[in-house]
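Structure at a glance
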Amino acid sequence: MNFKEYIRVVENFPEQGIRFKDISTLLKEGTVYKAAIDSLAEACKGKQVDIVVGPEARGFVVGAPLAYTLGCGFVPVRKPGKLPAATIQASYTLEYGKDALEIHEDAIQPGQKVVIADDLLATGGTISTTIQLIEKLGGQVVGVLFMIELSYLNGREKLANYDVHSLIQY
Ligand SMILES: O=P(O)(O)OC[C@H]1O[C@H](OP(=O)(O)OP(=O)(O)O)[C@H](O)[C@@H]1O
Ligand SMILES: Nc1ncnc2[nH]cnc12
């Protein structure tokens, strides 16, 4: 399936000069959404994944259905102040703006095999920070999956030590 034709590119959102890749036009097509998740699940074959981690917010709409498909657990990584129990935190810089992320400190057990799923790889800040959080808890990152990769921002360089897979490239 040609997933790229279902992505809407919006110029100058949320800031001048940014070409925003909108996945909502893919998500609303049920068969395409399912095929995209199934294709990411295929990339997890043989990895014996225990947990899928998804960063807020768009990582939830990729990570949660992926976890359901694989029959494993889902762990949310969230922006500060949203998780109710004890957390650890790390901060990062984005293609636009700066933020921090948190994970529950009991969300991952040492040695568990973890796949990270998000809608899009831009600078790699979100995922590098997510990896830091997972590894601090003793999780083993066995794969990093995206619907979209912005190759021109070289985010993959930050993830050189990991098995990275994307469905659509710009
Ligand atoms: O590779 P990076 O430069 O870190 O950028 C990619 C991240 O940016 C977007 O999330 P955003 O922080 O805008 O949050 P949202 O999902 O809540 O919209 C996107 O969903 C990725 O998580
Ligand atoms: N260009 C972009 N489009 C959609 N989401 C993004 N997150 C960071 N950069 C983005």
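It should be noted that the structure appears before, not after, this text.
Remember, predicted model here, so these are calculated numbers, not experimental data.

**As for the site of ligand 1**
Taken together, 15 residues surround ligand 1, and among them Lys 79, Asp 118, Asp 119, Thr 123 and Thr 126 come closest. Lys 79 is positioned such that a nitrogen or oxygen atom in its side chain is 2.8 Å from an oxygen atom of ligand 1. Notes on ligand 1: free accessible area 500 Å², of which the protein chains cover 88%. Those elements that place two or more of their residues in the shell around ligand 1 are strand E7 (113-121) and helix H4 (125-136). The element that contributes the greatest number of residues to the shell around ligand 1 is E7, accounting for three residues. Split into classes, the residues belonging to the shell around ligand 1 amount to five nonpolar, four polar and six charged.

**Some remarks on the nonpolar core**
With 27 residues, the main nonpolar core has Leu 66, Met 147 and Ile 148 as its most contacted residues. Looking at this core, the elements with two or more residues in it are helix H2 (30-42), helix H3 (58-70), E7, strand E8 (140-149) and strand E9 (164-169). With near-sequence residues (within four places) excluded, Met 147 lies in contact with Ile 23, Leu 26, Leu 27, Tyr 33, Ala 36, Ile 37, Val 62, Asp 118, Asp 119, Ser 166, Leu 167 and Ile 168.

**Structural notes on the packing of aromatic side chains**
On inspection of all chains with the given rule, the structure shows two aromatic pairs. Measuring from ring centre to ring centre gives 5.1 Å for Phe 13 and Phe 20, while their planes differ by 90 degrees; the resulting arrangement is edge-to-face. Assessed through its relative accessible area of 14%, Phe 20 is described here as buried. Each ring, one from Phe 60 and one from Phe 74, has its centre 6.0 Å from the other, and the planes form 90 degrees; the classification is edge-to-face. Of this pair, Phe 60 sits in helix H3 while Phe 74 is found in strand E4 (residues 73-77), placing the two residues 14 residues apart along the sequence. For the cation-ring pair, Lys 4 lies above Tyr 170, with the distance from its terminal atom to the ring centre recorded as 4.5 Å. The positively charged end of Lys 21 is found above the aromatic ring belonging to Tyr 170, 4.9 Å away from the centroid.

**Some remarks on the sheet that holds E7**
Two strands in a sheet stick together by hydrogen bonds in their backbones, pointing the same way (parallel) or opposite ways (antiparallel). With respect to topology, five strands assemble into an open sheet ordered E4-E3-E7-E8-E9, the strand pairing being parallel. In this open sheet, the two edge strands, each paired with only one partner strand, are E4 and E9. Averaged over all pairs of adjacent strands, the angle between strand axes in this sheet comes to 20 degrees, irrespective of strand direction. Here strand E3 (residues 51-55) runs beside E4; their pairing, made up of five bridges, is parallel. If you follow Pro 55 over to E4, its bridge partner there is Val 77. Sitting on the sheet, H2 is in contact with E8 and E9, with an inclination near 150 degrees to E8. Strands in contact with H4 are E3, E4, E7 and E8; relative to E7, the strand with the most contacts, it is inclined by about 165 degrees.

**Some details on unusual backbone geometry**
Here the amide bond leading from Phe 13 into Pro 14 is cis, since omega sits at -5 degrees, within 30 degrees of zero. Checked against the element boundaries, Pro 14 lands in the loop between strand E1 (8-11) and strand E2 (19-22). Put simply, Glu 56 and Ala 57 share a cis peptide bond, and its omega is -10 degrees. Residue position: Ala 57 is located in the loop between E3 and H3. In this model, Asn 12 sits at a positive phi of 60 degrees, which is unusual for a non-glycine residue.

**Comments concerning the pattern of salt bridges**
If you walk through the whole model with that rule in mind, you get nine salt bridges. Between Asp 38 and Lys 34 there is a salt bridge, with its nearest N and O atoms 2.9 Å apart. Taken together, the positions of Asp 38 and Lys 34, both in helix H2 and four residues apart, correspond to about one turn of that helix. For Asp 38, a relative accessible area of 31% puts it in the partly exposed group.

The rules behind the values
Residues numbered from 1 in each chain as written. Chains lettered and ligands numbered in written order. Predicted model: local features only at pLDDT ≥ 70, side-chain atom pairs only at ≥ 80, totals over all residues. Heavy atoms only, no water. Near = heavy atom within 4 Å. Polar contact = N/O pair within 3.5 Å; in protein donor to acceptor, adjacent residues only side chain to side chain. Areas by Shrake-Rupley, 256 points an atom, 1.4 Å probe, with all protein chains shown as cover. Helix = DSSP H or I, 4+ residues; strand = E, 2+ residues; numbered from the N terminus. Nonpolar A, V, L, I, M, F, W, Y, C, P; charged D, E, K, R; others polar. Core = buried A, V, L, I, M, F, W, Y, C linked by side-chain atoms within 4.5 Å. Buried < 20%, exposed > 50% of the residue type's maximum accessible area, 1.4 Å probe, protein only. Contact = heavy atoms within 4.5 Å. Phe/Tyr/Trp six-rings, centres within 6.5 Å; stacked < 30°, edge-to-face > 60°. Lys NZ or Arg CZ within 6 Å of the ring centre and 35° of its normal. Pairing = 2+ DSSP bridges. Axes fitted to C-alpha atoms, helices over the stretch in contact; angles between N-to-C directions. Salt bridge = Lys/Arg side-chain N within 4 Å of Asp/Glu carboxyl O.

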